[in-house]
Every structure is written in structure tokens, then in C-alpha cells.
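Listed here are the chains, written in short residue letters.
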Amino acid sequence: MEIKCYIQASAAISPQQSFSGEYAPQFLPLEERNLLRAQEPGYAGFIPPNSLRRMSRLLKMGLTAALQCLRNANATVPGAIITGTGRGSLQDTEKFLHDIRTYEETALNPTPFIQSTYNSVNGLIALQQQCTDYNNTFVHRGFSFEHALLDSLLQIQEGNAESVLVGGFDEMTVEHFFIKSRIGYWKSALTQPADMLASGTPGTIAGEGAVFFLVGTQPAPVEVRGIQMLYRPAPDQVASQLAQFLQKQGVKAEDVDLLVIGRNGDTRFDHFYAVVEKALPSTATNIPFKQYCGEYDTAGAFGMWTAQQELLSGRHKTALVYNHFYGEQHTFILLQKH
Amino acid sequence: MDRMAERVLITGMGMISAIGNNVEENFRSLRAQRSGIGYSRFVDTIHRNVLPVGEVKCSSEELAKLAGLPDTTGFTRTTLLGLVAMQEALRSAGINDAAETPTAFINASTVGGMCDTEKIYFDILDPQKEGTFLQLIDTLDCADCTQRIADETGLTAYVTTISTACSSSANALMYGARLIRAGLVDRAVCGGTEALTRFTINGFNSLKNIDKRHCMPFDNDRNGLNLGEGAAYLVLESESFAQRRKARPMAELSGWCNTNEAFHPTSPSPEGDGAFEAMRKALEMGGLSPADVQYVNVHGTATLNNDVSEGRALERLFGNEVPAFSSTKPFTGHTLAAAGAIEAIYSVLAINRQMIWPNLNFTTRMEELRISPETRLLEESPVKNVVSNSFGFGGNNASLVISKYGN
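Definitions and limits used
Residues numbered from 1 in each chain as written. Chains lettered and ligands numbered in written order. Predicted model: local features only at pLDDT ≥ 70, side-chain atom pairs only at ≥ 80, totals over all residues. Domains from an automatic or database assignment. Contact = placed C-beta atoms within 7 Å. Helix = DSSP H or I, 4+ residues; strand = E, 2+ residues; numbered from the N terminus. Buried ≥ 20, exposed ≤ 12 C-beta atoms within 10 Å, placed from the backbone. Pairing = 2+ DSSP bridges. Expected span 1.5 Å × (residues − 1). Axes fitted to C-alpha atoms, helices over the stretch in contact; angles between N-to-C directions. Parallel < 35°, antiparallel > 145°, perpendicular 65-115°, else oblique. Left-handed = near helix turned anticlockwise from the far one by under 90°. Nonpolar A, V, L, I, M, F, W, Y, C, P; charged D, E, K, R; others polar. Core = buried A, V, L, I, M, F, W, Y, C linked by C-beta atoms within 7 Å. pLDDT = per-residue confidence, 0-100. Right-handed = clockwise from strand over helix to strand, strands pointing away.

(A) Structural context of the domain arrangement of chain B. Residues and elements named next belong to chain B. What the domain assignment reports for chain B is domain 1 (8-244) and domain 2 (254-403). Once you take the C-alpha centre of each, domain 1 and domain 2 turn out to be 21 Å apart. With 60 residues of domain 1 at the interface, the matching set in domain 2 holds 55 residues. Of all elements in the fold, only strand 1 (8-16), helix 1 (23-32), strand 3 (53-54), helix 6 (168-181), strand 6 (187-194) and strand 7 (230-238) reach the threshold of two or more residues within the side of domain 1 that touches domain 2. Considering each element in turn, the side of domain 1 that touches domain 2 owes the most residues, seven residues, to helix 6.

Below, the structure is given as C-alpha cells:
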């Protein structure tokens with residue numbers, strides 16, 4: 001990239017105690033089902049009480065993570081707002097589906113319909129911060145946050161924005177957890193996050209979260225060097241594309257000292273991760289971030305946040321984030337500490 | 001050569017809507033001033049014989065046949081509509097094997113496969129019920145239709161889906177054009193697909209946004225929109241790539257702009273600030289002034305708010321010289337995520353056929369405006385530059401400028 005792009009600030013609502021800015025990932029115990037729930041912050045300091053009452057959970061989580069990110073950057077109005085969400089507000093989609101049935105299509109409350117619209121969080125951020133510039137929402141499983149990030153980098157390269165607020169958010173409801181369990185998304189036996197990687201079973205642990213970054217031209221300790229996506233690659237393509245990607249960024253494989261990886265213990269798709277691990281030096285620190293946030297469409301945003309935190313700690317210099325979503329959408333993100 | 005200055009050409013297009021199963025049929029219906037609005041044959045809703053819609057005249061089985069599939073297995077209506085339009089778009093661009101050149105596929109959708117999943121949603125929730133319907137679970141989201149179309153056609157370089165409500169496919173076109181300008185791909189196929197659903201019909205009805213009559217954009221007596229369905233894709237190529245392969249340019253995507261109004265979650269500002277900025281900046285990008293525009297294909301949903309806001313924006317931007325403008329939604333209904341791409345094709349047709357499409361169902365000028373839409377079909381009318389507007393929930397506004405190539 002001609003214009004360098006840095007992570008100026010971030011904020012994460014996740015199953016971890018991440019919202020305060022603390023970085024101390026823990027294995028959280030699960031009791032009822034294979035679902036890591038996000039720890040929601042107090043919303044009162046972010047959203048006026050009148051709006052708060054009407055807003056559903058994902059809207060509150062998404063808006064609050066976005067606002068906290070801007071606060072962390074001492075910024076108010078970004079040059080663009082670009083987000084990714086695989087499912088949008090599931091709670092609202094489900095409520096409207098149930099209402100249609102319960103009330104037989106009459107006298108329906110429109111609020112869940114409006115809030116189920118995938119771009120509603122984006123609209124709320126723009127409205128609250130009075131940001132009238134570029135605004136976009138990607139809704140494509142493991143290419144939701146990732147295309148939002150690519151779009152952000154393009155906005156900056158085009159000179160349209162000096163900073164972009166970019167984020168990814170998804171929630172998991174009990175109803176949707178059941179739906180996905182019917183087609184093998186989750187491990188059938190209750191599995192603790194500490195055991196998920198070695199479980200040797202198909203499926204994984206569900207998760208959720210809302211993670212935002214302010215990326216821009218103003219120099220900051222962590223630079224976003226580049227991103228590359230691969231749709232349904234064969235394992236050998238993952239290896240060759242990784243080599244090409246690193247070369248294009250002017251980075252040798254042996255320079256990568258941190259690998260933040262999407263390993264989720266699903267035996268059906270683990271082999272892709274093994275390909276990337278094998279391509280990098282065995283001395284690189286390997287952090288499988290989904291032990292901490294669970295699997296969801298936009299978990300890649302939590303992966304990038306993890307890499308950023310690790311780089312800020314000063315322990316590493318060059319981080320590769322590699323993630324895929326159920327073998328279909330694969331992404332490399334390269335971050336560098338300055 | 002400066003990549004950012006690379007022109008983006010439209011070299012192919014395909015569509016299906018309530019007024020035709022391909023571009024030529026759509027053109028004939030526009031020219032014959034034949035609307036596709038009527039009562040639904042395929043959506044199971046109590047509003048079926050009350051709220052008119054712009055429904056595609058084929059059953060899902062007929063769509064599968066059009067797409068050359070043995071049956072509908074695994075494909076939602078959303079995917080089938082998209083596939084029919086995609087095949088035509090590739091064909092018209094002279095692309096036999098889409099996988100030959102790394103091609104981006106930027107799709108748009110507002111509710112993905114809801115049209116089919118809403119029929120079985122409560123069966124999915126019932127642990128006692130088993131069956132092949134469970135295979136449709138993954139069609140609940142917006143990515144399913146995109147990936148099915150990508151897999152059928154071999155478009156794999158960049159695959160994603162945009163959802164910014166009613167401006168979704170206009171944003172898909174912009175994003176694809178920007179991937180080309182950034183040099184990431186030489187070709188991007190962009191557009192959207194949308195099927196009618198009980199979910200959206202009830203959604204817009206609960207917002208009291210649907211007219212029980214045929215919609216009347218920019219009429220003082222208008223009372224809401226008619227929903228529609230359809231799909232449309234445009235093949236975008238960099239000028240140098242199109243020249244190398246001797247593609248036939250149909251038009252140029254010369255300007256675009258996406259703004260957010262930051263005014264209200266579902267309503268535009270009364271003065272049309274977002275619409276004004278989107279149109280102004282899109283023209284500026286194309287190096288054009290308002291006087292260069294011969295036709296505006298307006299968003300024109302016929303909701304009370306949209307038409308005031310958009311009309312005010314037109315008056316502000318064009319002053320006393322507002323060019324011919326019309327909403328084609330009385331033909332197709334409001335096809336939500338597909339609307340931007342459908343109307344982009346109507347804009348290309350306006351340029352290539354030198355015609356301006358009539359705004360049907362208009363009789364009385366709005367109190368708030370001093371302008372009224374073009375109600376006649378204008379033939380042999382020179383059209384060089386068209387502005388096409390798409391505005392959505394969440395304040396998401398998008399304007400595209402489509403120009404005659406070689407201006």
C-alpha cells in the first residue's frame with residue numbers, strides 16, 4: 001500500500017473482560033451449552049435512556065463498541081463508517097418472524113423489522129456521531145468484517161478518508177444456537193474452551209462479540225500492512241497464496257513471530273490451519289484466539305484485536321492473523337509493530 | 001499509468017424483474033409502458049389480494065428451468081432470480097468461462113433466503129421434525145445466495161455481499177468499481193437479488209409505507225410504495241482490460257457517491273441533504289456539472305417522505321434546470337437490494353436507446369415541489385449522462401452517474 005495505515009484505537013465487547021481495554025484472555029467455564037456469551041458493559045454512559053429502552057442487544061453492543069473505540073482514539077467523527085455482520089440483529093429477526101405468526105400478520109410493531117435490517121448499527125453510529133460520509137455494511141459470513149477492512153484500506157488509499165471506523169459484530173441467540181446445532185455447527189458434547197482444540201470431535205464452540213478499530217493515516221504503534229481473502233481454496237492454494245501474500249508485503253515467512261490463528265477444534269477443517277502453521281517458523285508464538293471468543297461470522301475482528309494487543313505488549317514485531325469460517329472464507333491479515 | 005484514473009466500463013448486463021425475464025423484455029415493457037404490478041401468485045400472506053406487488057411472473061420451478069437447472073434443490077428463489085440475471089450478464093459481455101479471468105462478485109441482498117426459510121422456520125425450531133428441509137438452514141443469511149451463484153458461475157476472486165437496505169446494489173456497483181480502480185481485479189460483476197417475502201411485506205406494511213393502489217411516485221396523492229422482486233447484474237471492466245479483450249462497452253460508470261444522512265433511522269431529511277450531497281459529489285467525481293445531465297432515474301419510492309426529500313434535493317442541485325426525471329418503480333415495484341442495479345440497467349438503456357422512461361401513475365404535482373416527473377415516453381431523446389439514485393434505511397444514500405462511453 002502506498003499510504004500507510006495504522007490502528008489508532010480499538011474497543012472490544014467479547015466473552016472476555018476486554019471492554020475496559022484490559023488484555024488478559026482466560027479460559028471461561030461453560031455449564032449449559034457450547035456458547036461463550038459476550039460480557040456486556042454498562043450502556044448508560046453511551047446511549048441516551050430513551051434510545052436504550054428501544055434498542056435490542058446487538059444494536060447496543062455494536063453502537064457501544066464503536067463509541068468506545070472513538071473515545072479511545074479521542075476522536076468524534078471518523079471519515080467513514082464500515083462494518084461487517086454475518087447475521088445482524090438475530091434477536092429482532094426472530095422476534096419479527098414470531099410476531100408475524102403469533103399476530104397472524106396484523107397490527108405488528110415495526111421496531112424489530114427496522115432493527116433487523118443489517119445496516120441499522122451503521123446508521124445509529126452515523127446518527128449519534130453526525131458522520132455524513134461514506135457508510136457501508138458487508139454481510140457475508142467470514143468475509144463480513146474482512147471486506148469492511150479492505151473497503152476501509154481502499155477509502156484511505158483513495159484519499160477519501162484519513163480515518164475509518166471499522167468493525168464487526170454478531171450475537172448468538174438460544175434459538176439460533178439450536179438451529180445451527182441441527183446442521184453440525186457445534187460440538188455435540190459440552191466441551192470446555194480449554195479442551196476445545198484437543199477434543200478430536202467435529203463442530204466447535206459458539207461465540208459472539210462486537211469489535212471496532214479506528215484505522216487511519218496518523219502514525220500509531222501498530223500498522224495494518226495488508227489483507228488477502230481466499231474463497232473456498234484447496235489446502236495447497238492456502239500455502240501458495242500465503243507465500244505470495246507475504247512476498248507482496250515484503251515480509252519473509254521467518255520474520256513472522258506471531259501467528260494469531262482461528263483454530264476452533266473442528267476436526268473437519270483443522271487441516272487448513274496446519275498448512276499455515278507449517279509454512280511459518282516453529283518459533284513463532286501461536287495464539288488460537290477462538291478459545292477466548294468462540295466461533296462466529298465476525299470472529300476475525302477479535303483475532304485482529306488479539307494480534308494488536310499482543311503487538312502493543314512489545315513481545316512481537318510481525319503478526320499474521322489467519323482465520324477461516326467453516327472452510328469457506330479464508331483471510332490473511334498482516335500487522336506490524338513500529 | 002495511474003490506476004486510480006482508470007475508467008470503469010459496463011460491458012455486460014442481465015436482469016429479471018416483474019416486467020421481463022431479461023434485459024430485452026424489460027426494455028420492451030418500458031417502451032410499451034406496461035407495468036408489472038399486480039397481486040402475488042407465490043407469496044403466502046394475508047395481504048396477497050390487498051397489497052399489490054411487482055412479482056416476477058415465474059414460479060421457482062420455472063426459474064430453475066430458465067437457469068438450466070434440473071430442479072430447485074438447494075436453491076432459494078433469491079438465488080434462482082440471481083442466477084438467471086447473472087447468466088445473462090456474463091453472456092451479454094461475451095464471457096464464456098468466467099473463471100478464466102480473476103473476477104470479483106459483489107452481490108447485494110436485504111433478507112437473503114428469507115423467501116424460502118420463512119416457510120420452514122418453525123419446522124426447523126421443532127426438534128421432532130426431521131427432513132431434507134434442514135439443508136435449507138444455511139440459506140437463512142445473505143451470503144448463501146451469493147456463494148451459490150459464485151459456485152455455479154466460477155466467480156471467485158472476491159466474493160462478498162453488501163446490505164445497506166434499499167441502496168445495497170448501488171453500493172455493490174461502487175465497491176466493484178473501486179476494486180477495479182485499485183488494481184485488485186480487472187473485472188467485477190456487481191448487482192443484487194431480492195425475492196418477495198412475507199417478512200418484508202409485513203415489515204413495510206407495519207411501517208404504513210405500502211400503498212394499496214399502484215404506487216404513484218411524486219404525485220400529491222401518493223401513499224406509499226409497492227414492493228417488488230428481481231435481480232440484476234452489471235459486468236464492470238477496466239477500460240484497458242476491456243480494450244485488450246475487445247469487449248463492447250455499453251456505457252461508463254463515471255461517478256458515484258455514498259453518503260449517510262445521519263438524520264433518522266428510517267426517514268430522510270425534509271430538505272434532502274443526503275440525496276443532494278450524493279448526487280452532487282457523484283457528478284463532481286465524473287467531472288460533470290448538473291447541466292450535463294439529461295435524465296435522473298430517481299429513487300422515487302412514492303412514500304410520503306422520500307419523494308419530498310428527493311424532490312427538494314433535485315430542486316436544490318439543478319435549480320431552474322431540472323432535467324427529465326422519472327421513477328421506474330411503478331413498473332417493477334421497489335425491489336430493495338436489487339433496485340440500484342435494475343435501475344442502473346434502465347439508465348444504460350436510456351443512453352443506448354436514446355429514450356427516457358415515463359413515470360407512470362402521475363397526475364398531480366406535489367404541494368411541496370415546483371417540479372414534476374416526466375410522464376411521457378421520450379424517444380429519440382439524446383441521453384449522455386444519467387444520475388441514478390438509491391436511498392435506504394439507516395440514512396444510506398447512494399448516487400451513480402452512468403455516461404455514454406466515448407463522450
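(B) Summary view of the pairing of strand 1 (residues 6-13) of chain A. Residues and elements named next belong to chain A. Counting buried positions along strand 1 gives eight out of eight residues, so the element sits mostly inside the fold. Two strands pair when backbone bridges link them, and strand 1 and strand 6 (residues 222-231) are joined in this way by two bridges, in the antiparallel orientation. Each residue of the ladder has a partner; that of Tyr 6, found in strand 6, is Glu 223. As judged from the seven bridges shared by strand 1 and strand 5 (residues 209-216), these two strands associate in the antiparallel manner.

(C) Broad picture of helix 6 (residues 145-157) of chain A. All names here are of chain A. Between its first and last C-alpha atoms helix 6 spans 18 Å; for 13 residues at 1.5 Å apiece the expected length is 18 Å, and the two agree. Burial of helix 6 is extensive: twelve of the 13 residues sit out of reach of the surface. All of the buried residues along helix 6 are Phe 145, Glu 146, His 147, Ala 148, Leu 149, Leu 150, Asp 151, Ser 152, Leu 153, Leu 154, Gln 155 and Ile 156. Looking one or two residues past helix 6, Gly 159 carries a phi angle of roughly 80°, positive in sign.

(D) The arrangement of the packing of helix 9 (residues 273-285) of chain B against helix 10 (residues 304-318) of chain B in detail. All names here are of chain B. Packing of helix 9 against helix 10 brings their axes to within 8 Å, and their N-to-C directions diverge by 45°. Of the possible angle classes, the one that applies to helix 9 and helix 10 is oblique. In terms of crossing hand, the pair formed by helix 9 and helix 10 is right-handed. Contacts between helix 9 and helix 10 involve Ala 275, Phe 276, Met 279 and Arg 280 from the former and Ser 309, Glu 310, Ala 313, Arg 316 and Leu 317 from the latter. When its residues are assigned to classes, the contact of helix 9 with helix 10 shows five nonpolar, one polar and three charged.

(E) Spatial organisation of the nonpolar core. Ranked by size, the top nonpolar core spans 230 residues in total, and within it A:Ala65, A:Cys69, B:Met13, B:Leu173, B:Leu234 and B:Ile345 carry the most contacts. A total of ten residues in this core trace back to one element, the largest contributor, which is helix 12 (residues 339-353) of chain B. Apart from residues no more than four positions distant in its own chain, A:Ala65 is found in contact with A:Ala11, A:Ala12, A:Ile13, A:Gly167, A:Phe169, A:Ala210, A:Val211 and A:Phe212.

(F) The interface of chain A and chain B, seen in detail. Counting from both sides, the interface comprises 46 residues of chain A and, opposite them, 47 residues of chain B. Going through the elements one at a time, helix 3 (90-102), helix 4 (111-116), helix 5 (120-129), strand 3 (135-138), helix 6, helix 7 (174-181) and strand 6 of chain A are the ones with two or more residues in the side of chain A that touches chain B. Here the element with the most residues in the side of chain A that touches chain B is helix 5 of chain A; it accounts for five residues. Counted by class, the side of chain A that touches chain B contains 20 nonpolar, 15 polar and eleven charged residues.

(G) Structural context of the domain arrangement of chain A. Residues and elements named next belong to chain A. Domain parsing of chain A yields domain 1 (6-216) and domain 2 (222-337). A C-alpha centroid distance of 21 Å is found between domain 1 and domain 2. Across the contact, 46 residues belong to domain 1 and 34 residues belong to domain 2. Looking at which element gives the most residues to the side of domain 1 that touches domain 2, the answer is helix 6, with five residues. Along the lines of polarity and charge, the residues of the side of domain 1 that touches domain 2 split into 24 nonpolar, 17 polar and five charged.

(H) Just the packing of helix 2 (residues 57-72) of chain A against helix 5 of chain A, in detail. All names here are of chain A. Between helix 2 and helix 5, the least distance of the axes is 9 Å, while the angle of their chain directions is 45°. The angle between helix 2 and helix 5 falls in the class oblique. Where helix 2 crosses over helix 5, the two elements pack in a sense that is right-handed. Judged by residue contacts, Leu 59, Gly 62, Leu 63, Ala 66 and Leu 70 of helix 2 engage Ser 120, Val 121, Leu 124, Ile 125, Gln 128 and Gln 129 from helix 5. Classifying every residue of the contact of helix 2 with helix 5 gives seven nonpolar, four polar and no charged.

(I) Up close: the environment of B:Ala231. Residue and element names in this part refer to chain B. Within the secondary structure, Ala 231 is located in strand 7. Using a count of 37 C-beta atoms within 10 Å as the deciding quantity, one classes Ala 231 as buried. Considering only alpha carbons, one finds Ala 231 and His 47, 184 residues apart in sequence, at a separation of 23 Å. Contact partners of Ala 231, with chain neighbours within four places excluded, come to Met 15, Ile 16, Leu 81, Gly 82, Val 84, Ala 85, Gly 191, Gly 192, Thr 193 and Ala 338.

(J) The confidence of the model for chain B, seen in detail. Averaged over all residues, the pLDDT of chain B is 96; the fraction at 70 or higher stands at 99%. Confidence metrics for the complex model read pTM 0.98 and ipTM 0.98.

(K) Seen up close, the pairing of strand 7 (residues 258-261) of chain A. Residue and element names in this part refer to chain A. Neither face of strand 7 is left uncovered, since the one carrying Leu 258 and Val 260 and the one carrying Leu 259 and Ile 261 both have all their residues buried. Bridge analysis of strand 7 against strand 8 (residues 285-288) gives four bridges, and the strand direction is parallel. The partner of Leu 259 across the bridge, within strand 8, is Asn 286. What joins strand 7 to strand 8 is helix 9 (residues 270-279), and the crossover it makes is right-handed. With four bridges joining them, strand 7 and strand 9 (residues 318-325) adopt parallel strand pairing. In the sheet register, Val 260 faces strand 9, and the bridge partner there is Val 321.

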